[in-house]
Amino acid sequence: MSRLRRLPPLLGCVLLGCVLVTLFAPGGLLRRDEPPPAPAGWSPYDLAGSIQAVQVRLRRHPDDAAAWASLGDMYLKQARRTADTAYYAKAEGAFERSLRRPTGDGEPYIDAVIGMGALANARHDFAGAVRWAERARRAAPFRWALYGVLTDAHLELGHYEQAETALRRMLDGHPDLASFTRAARLEQLRGRPGHARDLLRRACAIPGDPAEYAFCQWQLGELAWSTGDPRTARAAYTQALAADPGHAPARAGKARAEAALGRTEQALRDYATAVIRSPAYVVEYGELLEHLGDAEGARRQYAVFTAQQRLLAASGGADDLAAGTFAANHGEPGTAVRHLRAEWARRHSVEVADALGWALHRAGRHTEAAAYAVRADALGGRNALFAYHRGEIEHALGHTGAARTHLTRALSINPYFSPAGAARARELLAEKT
Amino acid sequence: MRLTNAGNRWTWTAAASIAVLAATVLLGPAMRQSTATSHWDAPATTVNKQIDATDLYAFTSPERQDTVTIVADYIPFQAPHKPYQFDTDARYEVHIDNTGTGRAAITYRWTFADKALPAPSFVRARERQAGPEHQAGPLDSLVEQSYTLTRLRDGKSEILVRDGYAAPTDLGGPGYAATRRKAVRDLPGGGKVFTGTAADPFYSDNRAVNLLRFGLPFFPVKTGVPMNVSALALQLPKSELALGGDPARNPVIGVWTTASRRSSALLGSGAAGYTQVSRLGNPNFNEVIIPLKRRDHFNTLRPDGDESGGLVVPSTLDPDQAEVVAKQANVTAPPAPRKDLEQIYLTGLARTGGPIKQDLNSHRLNQDAPRTAKAEELRLNLSTPVAAAPDKYGILKGDAQGYPNGRRLIDDVVTINLRMLLGEPAGRGAPGLIAEDNPAFLLKPITDSFPYLALPVTAAG
């Protein structure tokens with residue numbers, strides 16, 4: 001791996017570009033006798049500018065399959081940043097143009113194949129992602145990025161054995177941040193949070209840029225949160241935000257932790273910041289507002305969610321898991337079941353099993369619900385929300401002993417798992433004593 | 001260095017844009033979180049900077065000609081004022097093959113330990129900005145690392161340096177020269193070692209980079225990199241490296257560097273051994289000769305498997321990139337099989353070894369070498385006299401001490417590799433493609449004693 005190969009994938013390029021453009025450009029900012037004002041070369045990730053630069057290149061070299069693949073990747077990134085799914089179509093267009101331009105060996109450019117897989121994952125077409133990743137694996141079994149796409153897709157589909165196989169291949173061939181973070185996820189799903197923490201700590205020691213570091217710290221925060229340790233979680237989220245102040249998932253995580261620690265004002269401020277960056281957090285923001293008695297504020301956040309779902313559906317990217325979960329808690333249980341049955345038909349992950357079980361319970365079908373709640377727990381993961389749902393279902397079925405067991409378990413795993421849910425679990429436990 | 005025209009600036013912007021693409025596969029849509037459902041997505045392509053071998057140099061030390069200097073650079077593109085760290089879960093190695101079999105006769109291994117808080121620097125920079133309450137201590141002590149240097153030879157390992165000092169970058173305090181001096185150590189047997197941050201000595205011709213890279217997913221990067229790298233440098237007596245301890249009878253050595261990272265078990269099973277994740281011998285070999293799909297594979301391979309491995313030899317004999325470059329430059333590349341490239345990269349040059357009729361750096365020149373194999377290594381003839389007037393185009397301009405006979409800090413390897421890809425020195429090639437009076441030069445001059453590398457670039461220059 002030497003000079004030419006490493007140039008592009010490196011943050012270094014960004015640093016270089018920024019340092020030079022900002023410091024040395026005519027009329028540059030830097031006076032020779034003082035250190036740079038900001039951390040030197042802090043990368044603003046000028047994605048729009050980068051997209052423009054690739055487009056310029058593609059006007060001159062329209063046959064450059066590599067550049068088309070890069071453009072596709074940038075559009076994917078732009079979709080994430082702006083939460084504007086219109087970029088998915090653009091990414092697809094760029095990847096397809098890359099795929100139509102065979103490279104030296106007459107085969108499609110491999111990173112475009114992997115990019116199509118990443119796009120499929122982003123669109124929740126996990127089966128499609130598996131197909132793309134398998135195609136990439138046949139063509140280039142040593143292109144490690146494909147195993148990340150493959151592992152993620154299998155985990156979302158509930159194919160835990162296949163995910164493990166892909167992950168082992170990745171760990172054996174190329175131990176790095178991408179494989180350690182995924183391994184941590186699988187360890188956690190299997191109920192081994194200690195091992196997950198070790199893997200994430202290793203991942204945190206090797207990032208090459210702030211975004212990677214923020215990702216690892218955010219994951220450490222999520223892990224701490226899920227084991228009922230909001231203090232450690234908040235510290236990790238704060239580290240993530242120090243590296244990347246715009247990291248919305250870490251901001252939302254910090255909000256959640258602040259709320260658990262009783263710092264409500266700070267929690268609300270963090271949520272407000274998080275939802276500006278990414279509307280994915282409006283529902284939990286709304287739930288906190290509702291719990292605090294601000295029904296009107298909550299309603300506004302829920303309206304944002306509903307509008308967002310409509311947009312997604314219109315662009316063909318309906319998220320049945322999100323929509324169903326929302327409907328189960330704040331809407332019409334029948335709608336929730338419909339959404340989640342559709343999702344279950346596509347994939348059998350523990351997350352979908354839990355959500356479907358909960359929706360069925362809300363719709364009054366407790367016996368059926370119980371079967372899904374059992375499946376949600378089948379991997380052995382320690383998930384407070386799943387345990388709470390299971391407890392509620394058992395309660396509805398009149399199984400008082402089992403209900404107590406699961407509700408107690410939920411609170412022991414993470415007593416803060418949900419403001420309303422935890423309160424309700426305590427209530428149920430109290431009323432039965 | 002100033003950017004004076006829009007074109008130059010564009011190249012930087014373009015380079016930056018590509019870095020962003022690496023980051024694109026990074027963070028997926030927000031993770032499923034209690035109610036806001038989406039999916040989990042970790043980075044797929046990661047920067048992996050810490051274990052990225054960027055350049056390898058090997059040359060006779062000009063002022064101590066009974067020694068050879070080997071420099072392996074890692075962690076590229078370090079911005080001034082930002083400390084970077086070696087991976088404490090990795091082994092950084094420099095290998096010496098003196099028999100020509102592709103096997104390492106001697107390996108020098110660095111391993112690192114943190115002496116203080118192991119938090120990456122970009123965070124610390126933010127913390128410093130946030131206010132005094134975040135300051136954990138003197139800036140450089142935060143990033144100090146110590147290292148152990150081990151020599152593996154004849155199945156035995158011997159610790160050469162314990163608790164060595166790895167020089168952190170120059171954070172602007174006074175007396176950095178003393179820091180550098182502290183990081184240069186004597187080795188038993190008359191050698192020296194330097195470990196730490198230095199100005200990146202790499203430079204190249206912009207047009208050559210453009211051409212060599214065309215068709216690869218990258219954008220041109222301007223010559224001269226005003227950034228730092230983390231260097232592993234050795235100065236060793238030639239007698240320590242030569243076969244049989246005799247550099248006169250056996251003057252040729254092959255050098256490469258690798259980084260291996262400890263893996264992890266999964267769900268309580270599976271190996272957690274060290275896996276080789278980076279390999280570098282000749283500059284540009286992986287990205288120019290090896291096809292894209294196999295580049296990650298090459299990083300896991302050892303030279304002793306090159307001859308029979310089915311990747312390195314066929315790729316060298318018929319590199320896809322030759323055609324792409326030739327077309328772009330409007331010239332003709334020699335037809336396959338490229339026996340000349342095989343000689344350059346896989347066997348070294350010997351009069352009897354292929355179309356390049358020159359006894360230069362093939363292991364065949366070692367009188368006691370049993371049987372040589374094809375293996376990708378940076379080969380150096382220890383007996384080539386130090387050139388009085390070194391030429392940056394090395395053997396292409398008759399300077400036998402230059403690349404590909406080892407690699408000096410002043411060699412313009414990108415241009416040399418480009419010209420060799422187009423047929424020199426076996427044939428006529430396309431020598432005029434890159435103007436030889438191009439102002440491609442080292443940004444910070446190298447020094448005249450070990451480790452030769454300039455002190456780290458600071459934000460002030």
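What you see is a predicted model; the values in this text were computed from it and never measured.

J.: Run through the overall build of chain A, naming residues and quoting values.
T.: Along the backbone of chain A there are 24 helices and zero strands. Each of the 433 residues in chain A was classed as buried or not, and the buried ones make up 61%. Of the contacts formed within chain A by residues at least 6 apart in sequence, a portion of 47% connects residues at least 24 apart.

J.: Hey, could you go over the overall build of chain B for me, with residue numbers and the actual values?
T.: The secondary structure content of chain B amounts to twelve helices and twelve strands. Contacts in chain B between residues at least 24 apart in sequence constitute 64% of all its contacts with a sequence separation of at least 6.

J.: If you had to explain helix H20 (residues 350-362) of chain A to someone new, which residues and values would you point to?
T.: All names here are of chain A. An ideal rise of 1.5 Å per residue puts 18 Å on 13 residues; H20 measures up with 18 Å between its terminal C-alpha atoms. For H20, the tally of buried residues reaches 13 of 13 residues, placing the bulk of the element in the interior. Just downstream of H20, Gly364 is the residue with a positive phi angle, here 90°.

J.: Tell me about helix H10 (residues 320-329) of chain B, and name the residues and values.
T.: Residue and element names in this part refer to chain B. For H10, the full list of buried residues reads Gln321, Ala322, Val324 and Val325. Along the long axis of H10, the arc covered by the buried residues comes to 170°, so they all point the same way. Phi turns positive, to about 60°, at Asn330, one or two residues after H10.

J.: So, the packing of helix H7 (residues 126-139) of chain A against helix H8 (residues 145-157) of chain A: which residues are in play, and what are the values?
T.: The angle between the axes and the distance between the axes are what describe a pair of packed helices. All names here are of chain A. The geometry of H7 relative to H8 is characterised by a closest axis approach of 9 Å and an angle of 150° between their N-to-C directions. In terms of their interaxial angle, H7 and H8 are classed as roughly antiparallel. The crossing of H7 and H8 is left-handed. Of the residues in H8, those in contact with Phe126, Ala127, Ala129, Val130, Ala133, Ala136 and Arg137 of H7 are Leu146, Val149, Leu150, Ala153, His154, Glu156 and Leu157. Considering only residue class, the contact of H7 with H8 consists of eleven nonpolar, one polar and two charged.

J.: Please set out the sheet that holds strand S9 (residues 228-237) of chain B residue by residue, giving values where relevant.
T.: All names here are of chain B. Spatial ordering of the open sheet is given by S1-S2-S9-S8-S7, a layout of five strands whose pairing is antiparallel. Where the open sheet ends on each side, the last strands, each with one partner, are strand S1 (53-60) and strand S7 (184-186). Across the sheet, the mean angle separating the axes of adjacent strands is 15° when strand polarity is ignored. In this structure, S7 lies alongside strand S8 (residues 192-199), joined through three bridges in antiparallel fashion. Note on S8: the bridge partner recorded for Asp186 is Lys192.

J.: Which residues make up unusual backbone geometry, and what values go with them?
T.: Residues and elements named next belong to chain B. That bond from Ala336 to Pro337 is cis: its omega, -5°, falls within 30 degrees of zero. Here Pro337 shows up in the loop between H10 and helix H11 (339-347). Each neighbour pair has its own omega, and for Tyr403 with Pro404 the value is 5°, a cis peptide bond. Within the element layout of this structure, Pro404 appears in the loop between strand S12 (378-381) and helix H12 (413-421). If you check the backbone angles, Ile75 has positive phi at about 55° while not being a glycine. On the basis of neighbour count, Ile75 is assigned to the buried category, with 23 C-beta atoms found within 10 Å. One non-glycine residue, Tyr452, adopts positive backbone phi at about 70°. Inspection of the secondary structure assignment puts Tyr452 in the segment after H12. Taking the number of C-beta atoms within 10 Å as the measure of exposure, Tyr452 has 25 and is therefore buried.

J.: Before we move on, can you summarise the packing of helix H5 (residues 86-99) of chain A against helix H6 (residues 110-122) of chain A with the specific residues and values?
T.: Residue and element names in this part refer to chain A. For the pair H5 and H6, interaxial distance at closest approach is 9 Å and the crossing angle is 160°. One finds that H5 runs roughly antiparallel with respect to H6. The element H5 and its partner H6 pack so that their crossing is left-handed. Where H5 abuts H6, its residues Tyr88, Ala91, Glu92, Phe95, Ser98 and Leu99 lie against Ala112, Gly115, Met116, Leu119 and Ala122. Considering only residue class, the contact of H5 with H6 consists of eight nonpolar, two polar and one charged.

J.: Which residues make up the pairing of strand S4 (residues 106-114) of chain B, and what are the values?
T.: Residue and element names in this part refer to chain B. Taken together, the five bridges between strand S3 (residues 90-97) and S4 define a ladder with antiparallel strand orientation. Note that in S4 the partner of Tyr92 across the bridge is Trp110. Judged from the nine bridges that link them, S4 and strand S5 (residues 145-153) form a sheet pairing that is antiparallel. When the bridges of S5 are listed, Thr111 appears paired with Thr148.

J.: Can you lay out the pairing of S3 of chain B for me, pointing to particular residues and giving the numbers?
T.: Residues and elements named next belong to chain B. With seven of its eight residues buried, S3 lies for the most part within the structure. Note: S3 against strand S10 (residues 252-262), eight bridges, orientation antiparallel. Pairing of Ile96 across the sheet is with Val255, part of S10.

J.: How would you summarise the environment of Gly423 of chain B if you had to cite specific residues and measurements?
T.: All names here are of chain B. For Gly423, the position within the fold is in the segment after H12. Overall, the presence of 23 C-beta atoms within 10 Å leaves Gly423 in the buried class. Apart from the residues lying within four places of it in its own chain, the contact partners of Gly423 are Ala333, Pro334, Arg428 and Gly429.

J.: Got a sec to walk through the confidence of the model for chain B? Specific residues and values, please.
T.: All names here are of chain B. Overall, the prediction assigns chain B a mean pLDDT of 82, with 79% of residues at 70 or greater. Predicted confidence is poor over residues 131-141, with pLDDT under 50, and the contacts of this stretch with residues over four places away or in other chains come to ten contacts. When the criterion is pLDDT under 50, residues 216-224 qualifies, and its contacts beyond four places in sequence or with other chains add up to 42 contacts. This complex was scored by the predictor with a pTM of 0.85 and an ipTM of 0.82.

J.: Residue-level account of the environment of Trp110 of chain B, with values.
T.: Residue and element names in this part refer to chain B. Mapped onto the elements of the fold, Trp110 is located in strand S4. Residue classification places Trp110 among the buried residues on the basis of 24 C-beta atoms within 10 Å. Leaving out residues up to four positions away in the same chain, Trp110 has contacts with Tyr92, Tyr147, Leu149, Thr195 and Leu232.

J.: For the environment of His297 of chain B, give the residues involved together with the corresponding values.
T.: Looking at the secondary structure, you find His297 of chain B in helix H8 (residues 292-298). Those residues in contact with His297 of chain B, other than ones at most four positions away along the chain, are Phe142 of chain A together with Leu311 of chain B.

J.: Please set out the confidence of the model for chain A residue by residue, giving values where relevant.
T.: Averaged over every residue, the pLDDT of chain A is 85; residues scoring 70 or more account for 86%. Across residues 1-45 of chain A the pLDDT falls below 50, and counting only partners more than four positions away or on other chains, this stretch makes 127 contacts in the model.

Cut-offs applied
Residues numbered from 1 in each chain as written. Chains lettered and ligands numbered in written order. Predicted model: local features only at pLDDT ≥ 70, side-chain atom pairs only at ≥ 80, totals over all residues. Helix = DSSP H or I, 4+ residues; strand = E, 2+ residues; numbered from the N terminus. Buried ≥ 20, exposed ≤ 12 C-beta atoms within 10 Å, placed from the backbone. Contact = placed C-beta atoms within 7 Å. Expected span 1.5 Å × (residues − 1). Arc of directions from axis to C-beta. Axes fitted to C-alpha atoms, helices over the stretch in contact; angles between N-to-C directions. Parallel < 35°, antiparallel > 145°, perpendicular 65-115°, else oblique. Left-handed = near helix turned anticlockwise from the far one by under 90°. Nonpolar A, V, L, I, M, F, W, Y, C, P; charged D, E, K, R; others polar. Pairing = 2+ DSSP bridges. pLDDT = per-residue confidence, 0-100.

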